[in-house]
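Residue-level listing of the chains:
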Amino acid sequence: MLTSKGLYDRLLATYGPSEGWPGNRVTMMATAVMVQNTAWTAVVRAMERFPQELTAQYLLALPIEELMDYIRPCGFMRRKAETIQTVMAWYGRYDFDAAQVEAVPQERLRQELLALKGIGEETADVILLYAFHKPVFVLDAYTRRLLSRLGGTAQTDAERRVWFTAGVPEADKVYADYHWLLLEHGKRYCKKRPLCEECPLREACAQKIQEEKSS
DNA sequence: AGCCAGGGTCTAA
DNA sequence: TTAGACCATGGC
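Conventions and cut-offs
- Residues numbered from 1 in each chain as written.
- Chains lettered and ligands numbered in written order.
- Predicted model: local features only at pLDDT ≥ 70, side-chain atom pairs only at ≥ 80, totals over all residues.
- Heavy atoms only, no water.
- 1 Å grid on protein atoms, 1.4 Å probe; cavity = no way out; pocket = protein on both sides within 12 Å on 5 of 7 lines; lining within 4 Å.
- Points joined across faces, edges and corners; volume = space filled by probe spheres on them.
- Helix = DSSP H or I, 4+ residues; strand = E, 2+ residues; numbered from the N terminus.
- Nonpolar A, V, L, I, M, F, W, Y, C, P; charged D, E, K, R; others polar.
- Domains from an automatic or database assignment.
- Buried area = accessible area lost by both parts, 1.4 Å probe.
- Salt bridge = Lys/Arg side-chain N within 4 Å of Asp/Glu carboxyl O.
- Near = heavy atom within 4 Å.
- Polar contact = N/O pair within 3.5 Å; in protein donor to acceptor, adjacent residues only side chain to side chain.

K.L.:
Residue-level account of empty space enclosed by the protein, with values.
P.N.:
According to the stated counting rule, one finds 1 cavity of 30 Å³ or more in the structure shown. There is about 40 Å³ of room inside the largest cavity. Around the largest cavity sit Arg-149, Tyr-189, Cys-190, Cys-196, Cys-199, Leu-201, Arg-202, Cys-205 and Ile-209, which together line it. For the lining of the largest cavity, the element with the highest residue contribution is helix α13 (residues 202-213), accounting for 3 residues. For the lining of the largest cavity, the class distribution of residues is 7 nonpolar, no polar and 2 charged.

Here is the structure:
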């Protein structure tokens, strides 16, 4: 079976280096909430509805109904509007100063984020990685699906994390690129089974594809 | 026309 | 502790 490093190299060669999560830190955190169980195109449409650039202070000062209206295209607007303000209030505990946040150990930050209503493991990890440059490997629907199709036998997220991080430099830049590459790949191929014929990873997935055909 | 997106929370058993 | 309902909207 393909190794994690092999997969990373293959994806990098295919799609090139990532452009990272778009927007400044605050935009990044807000869009991380907006994209929960939502297509990225909806997030883009929501961002276009805001009358100005996002800052933490602006988002905190917005009446909740107004914030809900801006993010409407993303769905789950009641919950997400509340969560966005909750995250910004959390950022306020550090005086909206990224350097202060980054000075805190990764695991403690993770616990703080997980304690916020509306922030689960994936969103917490994405914020740690892309907003505060902590070396966290992010697991999401795409990475789980792809690992399974490669023939991975990991049953839990802990096991999946071990597989993905083995043999790969433990650096936020690498994890960020890797996560982004997995998404780029997943959006193009793994969602649509017929496209497997032209997928750059088709040999690596061959066994799984065969199993599906025969069932 | 229905299915599902880069999830998370709450509740019931 | 785990499965299932629910949250809302838009793209395809």
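K.L.:
So what's going on with the domain arrangement of chain A? Residues and values would help.
P.N.:
Its domain assignment divides chain A into domain 1 (4-18 + 138-213) and domain 2 (25-131). Computed over C-alpha atoms, the centres of domain 1 and domain 2 are 27 Å apart. Of the roughly 680 Å² buried at the junction of domain 1 and domain 2 (both faces included), carbon and sulfur atoms supply 60%. Ranking the residues of domain 1 by area buried against domain 2 places Val-138, Arg-161 and Ala-176 at the top, with a combined share of 48%. Seen at the junction of domain 1 and domain 2, the total is 1 salt bridge.

K.L.:
Lay out the protein's contact with DNA strand C with the relevant residues and their values.
P.N.:
All residues adjacent to DNA strand C are Arg-45, Arg-72, Pro-73, Gly-75, Phe-76, Met-77, Arg-78 and Arg-79. Among atoms of DNA strand C positioned within 4 Å of the protein, sugar and phosphate together represent 55%. Phe-76 places a main-chain nitrogen or oxygen 2.8 Å from a sugar or linking oxygen of DNA strand C. Arg-78 places a main-chain nitrogen or oxygen 3.2 Å from a phosphate oxygen of DNA strand C.

K.L.:
Run through the protein's contact with DNA strand B, naming residues and quoting values.
P.N.:
Not every one of the 24 residues close to DNA strand B is listed here, only the nearest: Trp-21, Asn-37, Gly-120, Thr-123 and Tyr-142. Each atom of DNA strand B within 4 Å of the protein was classed as base or backbone; sugar and phosphate made up 56%. Gly-120 places a main-chain nitrogen or oxygen 2.8 Å from a phosphate oxygen of DNA strand B. For the surface near DNA strand B, the elements supplying multiple residues, two or more each, are α9 (121-131), α10 (141-149) and α12 (172-190).

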